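Inside the fold
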Amino acid sequence: IFFRTFCLIGVSSMSFGCPLLLLCLAIGVAHAFYLPGVTPVEYPVGSLVRVKVNSMTSTKTAIPYDYYSLPFCKPFNKNPKAQVENFGEILWGDSIKPSLYAAHMGVNVTCRRLCNPRTYDAKEMQAFQKRIEEGYRGHLILDNLPVSEVFTQKIKGFRSFMLGYPLGTPKTTGKQKKSKLPLPVVPVTILNNHLALTIKYNRPEDLVTSSTKGFRIVGFHVVAHSYKHDETTCVMDDRKNVGWFPKPGNPVTVEDKDPVVWSYSITWLKDEALGWGSRWDPYLESAETDAKIHWFSIVNSLLIMLFLSGMVAMILLRSLHKDFNRYNDPDNADEAQEETGWKLVHGDVFRTPENPSILATYIGTGCQLLGMALITIFFALLGFLSPANRGGLLTAVLLLFILLGSYAGYVTARLCKMFRCHSWQNIFMVGTFFPGQVFVVFFAMDMMLWGKHASNAVPATTMLALLALWLCVSLPLVFVGAIVGYKRPTIEPPVTVNPMPRHIPEQRWYMRPPFTILMAGILPFGAAFIELFFILSSLWLNRFYYVFGFLALVFIILSITCAEITIVMVYFQLCYEDYRWWWRSFFISGSSGIHLFLYSIFYFFTTLTIRQFWSTVLYFSWMIIVSYTFAIVTGTIGFLASFFFVRYIYASIKVD
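Report follows, based on the coordinates. Just so it is clear, the structure is predicted and the values come from calculations on it, not from any experiment.

Definitions and cut-offs
Residues numbered from 1 in each chain as written. Predicted model: local features only at pLDDT ≥ 70, side-chain atom pairs only at ≥ 80, totals over all residues. Heavy atoms only, no water. Disulfide = S-S within 2.5 Å. Helix = DSSP H or I, 4+ residues; strand = E, 2+ residues; numbered from the N terminus. Buried < 20%, exposed > 50% of the residue type's maximum accessible area, 1.4 Å probe, protein only. Expected span 1.5 Å × (residues − 1). Patch = residues over 30% accessible without salt bridge, like charges linked within 9 Å, V, L, I, M, F, W, Y side chains within 5 Å. Areas by Shrake-Rupley, 256 points an atom, 1.4 Å probe, with all protein chains shown as cover. Salt bridge = Lys/Arg side-chain N within 4 Å of Asp/Glu carboxyl O.

A complete count under the given rule lists 2 disulfides for this structure. Disulfide pairing is shown between Cys111 and Cys234; the S-S distance is 2.1 Å. One disulfide, between Cys111 and Cys234, carries an S-S torsion of -100 degrees and so falls in the left-handed class. Pair noted here: Cys111 is in strand 3 (residues 109–113) and Cys234 is in the loop between strand 12 (216–225) and strand 13 (252–253), with a separation of 123 residues, a long-range link. Taking relative accessible area as the criterion, Cys111 reaches 1% and is therefore assigned buried. Of all cysteine sulfurs, the one in Cys416 lies closest to Cys421, which takes part in no disulfide; the gap is 3.9 Å. Judged by its relative accessible area of 15%, Cys421 falls in the buried class.

Below, the discussion takes up helix 8 (residues 356–381). Between its first and last C-alpha atoms helix 8 spans 37 Å; for 26 residues at 1.5 Å apiece the expected length is 38 Å, and the two agree. Of all 26 residues in helix 8, 19 are buried, a share of seventy percent or more. Just past helix 8, the residue Gly383 takes up positive phi, approximately 90 degrees.

The next thing to look at is helix 10 (residues 405–418). Taking 1.5 Å of rise per residue, the 14 residues of helix 10 would be expected to cover 20 Å, and the 20 Å separating its terminal C-alpha atoms lies within 8% of that figure. Counting buried positions over the 14 residues of helix 10 gives 13, a clear majority of the element. Count one or two residues on from helix 10 and you reach Arg420, which has phi positive near 60 degrees.

Attention now goes to a nonpolar patch on the surface. On the surface, a cluster of nonpolar side chains totalling about 680 Å² of accessible area is made up of Trp509, Phe515, Leu518, Met519, Ile522, Ile594 and Leu598. Taken together, the elements giving at least two residues each to the nonpolar patch come down to helix 13 (513–520) and helix 17 (592–606). Broken down by element, the nonpolar patch gets its largest block of residues, 3 residues, from helix 13. Note on Met519: relative accessible area 41%, which makes it partly exposed.

Put into structure tokens, the structure is as follows:
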């Protein structure tokens with residue numbers, strides 16, 4: 001789309017860059033390379049491999065907290081500073097900090113104390129108990145790999161990975177509302193104080209014959225235990241710990257008054273089958289049932305698209321073709337004079353809609369968001385936005401939205417010039433309307449997160465940087481694009497607009513806006529709602545989403561569905577002599593955002609376990625923004641499709 005826009009029909013001054021663009025793409029395809037920050041590292045035997053900690057997360061609250069917000073053992077007895085690499089890490093809540101865990105390549109550790117025994121008062125133990133009952137999980141990072149628990153299904157043998165480790169076991173009575181099976185009774189909350197770490201490594205083939213002696217890390221797993229140490233366990237000399245293993249039956253509870261000994265063990269396993277380039281595959285591979293669900297989503301979406309394609313083909317090939325022949329036949333002039341259907345409103349169909357500046361603002365913003373989504377999916381398909389590049393996806397989305405402000409200004413200027421509402425105030429609106437709405441919600445949520453001391457509370461310096469990017473980069477780019485757009489020729493309608501508006505006959509109940517808009521929006525949402533389930537799970541259940549191939553297919557089908565359902569509904573509307581199609585075309589496919597929000601309510605009560613007030617406010621605030629953005633994108637697709645369709649059919653008839 002962007003190649004066609006700028007290289008074929010776009011700004012002529014930019015055409016010189018098209019060969020350069022194709023050359024860069026060819027070079028990128030011809031040569032493979034490692035992305036910055038994810039280059040493999042070889043560790044010689046005995047060398048130190050640093051283990052870092054990340055924020056604690058929970059699916060019950062959706063609010064991450066700094067790892068050292070709980071009184072764990074800290075380096076140098078103080079809270080270290082986070083190692084921030086990009087905007088995405090800050091906005092997502094990643095707070096990566098050094099730790100006291102020490103791993104040396106190939107050196108097994110039976111048991112090692114993390115620090116001296118810690119004595120906690122009642123307030124500190126209550127903090128541990130609260131986080132454990134809220135389901136928080138600790139996160140460690142080794143060589144840019146997150147630690148995970150491994151679960152194997154006994155029947156099919158599938159392995160699943162859960163990021164992080166549980167801080168403990170909450171107190172339970174053995175009864176649960178949604179579970180028919182009896183659960184184990186835990187009379188008191190248990191604290192996990194020992195981590196059994198397993199690190200997988202291998203010798204890369206390209207280093208076997210070289211003089212460099214090193215190994216690469218390809219796996220990082222954990223099993224959390226609760227064990228009450230004494231003077232004879234986990235001593236300084238690890239040779240005396242050989243054969244020790246934390247046996248169940250002697251856990252550490254939050255009601256204990258004795259000092260807590262934090263410890264860990266390390267086991268190195270050589271895994272020649274798993275290479276460094278595929279070490280993320282176990283995290284990203286979907287289970288067999290998930291793959292079937294993705295394919296079911298594709299088939300479901302294709303059936304909806306084919307159904308609509310059949311209707312559009314019937315309209316274009318039968319009804320419109322018949323109308324064109326009847327209207328343009330010189331031997332049938334008398335019958336052509338008796339205009340019926342959509343030709344009756346040819347003098348009003350291109351009449352300026354109500355609030356044209358707001359409509360142009362929405363379409364400009366929608367083109368900006370659409371371009372951002374297309375470029376993001378494209379680079380994700382190439383592997384540039386892998387989870388190894390932590391925060392890269394969110395950073396790319398933010399920067400692309402800022403840089404595509406020029407495209408929003410260009411589209412808005414072209415529409416404003418067509419609607420005869422040429423004003424720089426409208427250009428200022430497109431640069432501030434949607435970003436301002438998102439910023440107000442974002443700022444309000446950030447104040448709440450600051451009050452909760454969450455790790456994803458954006459610091460003041462980052463907030464100022466975001467404002468600077470918006471007001472000093474994105475907004476000027478909007479005006480630059482508008483200057484180019486205002487210099488382009490005015491988009492003239494193919495037929496003349498009558499000076500007086502035509503009377504619109506009373507519409508039947510099934511052709512009135514509320515019914516047609518809400519009903520038509522079900523089809524675009526239905527084409528994508530299964531894939532939306534996986535996206536929501538990655539956002540709120542701390543899961544990886546990396547099936548961008550499925551996402552690209554669903555996005556293409558969604559775009560075609562939005563275009564086709566809007567064309568069908570606009571055609572029926574014009575046949576009933578209602579020429580007010582401008583806003584209707586935007587709302588028909590844009591109403592899928594309403595269905596997305598309704599689905600988010602269903603998802604909240606059936607899938608999520610969030611029940612805290614502020615966590616609920618956070619969830620619905622962000623889902624309103626997501627649904628609003630989805631509505632603008634789908635509405636823009638429907639508007640553009642209807643715009644070219646209406647221009648085509650009225651340019652194909654002869655009007656006296």
